[in-house]
Amino acid sequence: MTEENGANLVELATELTIAWLGNPNNRATADEVPMFLQKMHATVSELSGSGAAAENEETAAEEHVPAVSVRKSLSSKDHIISMIDGKPYKTLRRHLSTHGLTPEEYRARYNLKSDYPMVAESYSAQRREMAKKIGLGSKGRTAKKRTAKST
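Residues numbered from 1 in each chain as written. Predicted model: local features only at pLDDT ≥ 70, side-chain atom pairs only at ≥ 80, totals over all residues. Heavy atoms only, no water.

Undergrad: Could you give an account of the overall build of the protein, naming the residues involved and the relevant values?
TA: Secondary structure summary: the protein contains 8 helices and 2 strands in total. In sequence order, the secondary structure elements of the protein are arranged as α-α-α-α-β-β-α-α-α-α. Of all 151 residues assigned to the protein, the portion counted as buried reaches 19%. The long-range share in the protein, meaning contacts at least 24 apart out of those at least 6 apart in sequence, stands at 42%. Accessible area of the protein: about 11,300 Å², with a carbon and sulfur share of 53%. (Helix = DSSP H or I, 4+ residues; strand = E, 2+ residues; numbered from the N terminus. Buried < 20%, exposed > 50% of the residue type's maximum accessible area, 1.4 Å probe, protein only. Contact = heavy atoms within 4.5 Å. Areas by Shrake-Rupley, 256 points an atom, 1.4 Å probe, with all protein chains shown as cover.)

Undergrad: Go over unusual backbone geometry with me, naming the residues and quoting the values.
TA: At Asn111, a residue that is not glycine, the phi angle is positive and equals roughly 55°. Along the chain, Asn111 falls in the loop between helix H6 (103-109) and helix H7 (121-133).

Undergrad: Tell me about the environment of Met118, and please be specific about residues and values.
TA: Relative to the elements of secondary structure, Met118 occurs in the loop between H6 and H7. In this structure Met118 comes out as buried when scored by relative accessible area, which is 4%.

Undergrad: Requested: an account of H7, with residues and values cited.
TA: Between the first and last C-alpha of H7 there are 18 Å, a value that for 13 residues agrees with the 18 Å anticipated at 1.5 Å per step. In the segment just after H7, Gly135 is the residue with positive phi, at about 80°. (Expected span 1.5 Å × (residues − 1).)

Undergrad: Hey, could you go over a positive patch on the surface for me, with residue numbers and the actual values?
TA: The grouping of Arg128, Lys132, Arg141, Lys145, Arg146 and Lys149 at the surface amounts to a positive patch. For the positive patch, the elements supplying multiple residues, two or more each, are H7 and helix H8 (138-150). At 4 residues, the largest contribution of residues to the positive patch is made by H8. Locating Arg128 in the fold gives a position in helix H7. (Patch = residues over 30% accessible without salt bridge, like charges linked within 9 Å, V, L, I, M, F, W, Y side chains within 5 Å. Salt bridge = Lys/Arg side-chain N within 4 Å of Asp/Glu carboxyl O. Lys, Arg positive; Asp, Glu negative; His and termini not counted. Charge placed at Lys NZ, Arg CZ, Asp CG, Glu CD.)

Undergrad: Describe the nonpolar core, naming the residues involved and giving the relevant values.
TA: Of all hydrophobic cores here, the largest spans 13 residues; its most connected members are Met83, Leu92, Leu96, Tyr106, Leu112, Tyr116 and Met118. In contact with Met118, not counting residues within four places along its chain, are Ile80, Lys90, Thr91, Leu92, Arg93, Leu96, Pro103, Tyr106 and Arg107. (Core = buried A, V, L, I, M, F, W, Y, C linked by side-chain atoms within 4.5 Å.)

Undergrad: Describe helix H2 (residues 32-48), with residues and values.
TA: Taking 1.5 Å of rise per residue, the 17 residues of H2 would be expected to cover 24 Å, and the 24 Å separating its terminal C-alpha atoms lies within 8% of that figure. Turning to H2, its buried residues are Met40, Ala42, Val44 and Ser45.

Undergrad: Any details on the environment of Leu92? Residues and values, ideally.
TA: Considering the arrangement of structural elements, one finds Leu92 in the loop between strand E2 (88-89) and helix H5 (93-98). Note on Leu92: relative accessible area 0%, which makes it buried. Separated by 26 residues in the primary sequence, Leu92 and Met118 have C-alpha atoms spaced 5.2 Å apart. Excluding anything up to four places from it in sequence, Leu92 contacts Ile80, Ser82, Tyr106, Tyr116, Pro117 and Met118.

Undergrad: How would you sum up a nonpolar patch on the surface? Please name residues and give values.
TA: Taken together, the side chains of Met130, Ile134 and Leu136 make up a nonpolar region of the molecular surface, amounting to roughly 340 Å² of accessible area. Position of Met130 relative to the elements: it lies in helix H7.

Undergrad: Break down the environment of Tyr106 for me, citing the residues and quoting the values.
TA: Structurally, the position occupied by Tyr106 is in helix H6. For the pair Tyr106 and Leu92, spaced 14 residues apart in the sequence, the C-alpha separation amounts to 9.8 Å. The residues touching Tyr106, leaving out its near neighbours within four places in the chain, are Ile81, Ser82, Met83, Ile84, Leu92, Leu96, Leu101, Leu112, Tyr116 and Met118.

Structural data, given as structure tokens:
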């Protein structure tokens, strides 16, 4: 790749990043901008046919430093703190899907145990109580009771 071509790719990636950040529907913190610019440059480089994108992807894939420790992420019963951005969530599933991850991939990325929760403890209890209140799942139990009484 020539030096002029490399400069054009950087300019193009920068212009695309500025346009993306200018959209009011996109929300990004200042910490996320350099990573996004790096990904945009890698994508533009890959589309132009240069080999630099593969190197950037390998280093980016290896660098998954958690925003908080495992202990801190589970320190509250009211929320779980994401290891991606350090923000609290009642449930991590939607947050993970916006980052293109499944719960299994998230656990693998940060070396978490397979029983690491995806829902805050208090939120889970609220949902459980609501389900019991409306009788969710009781149809099977009442049918078993009726058959046991009739025999």
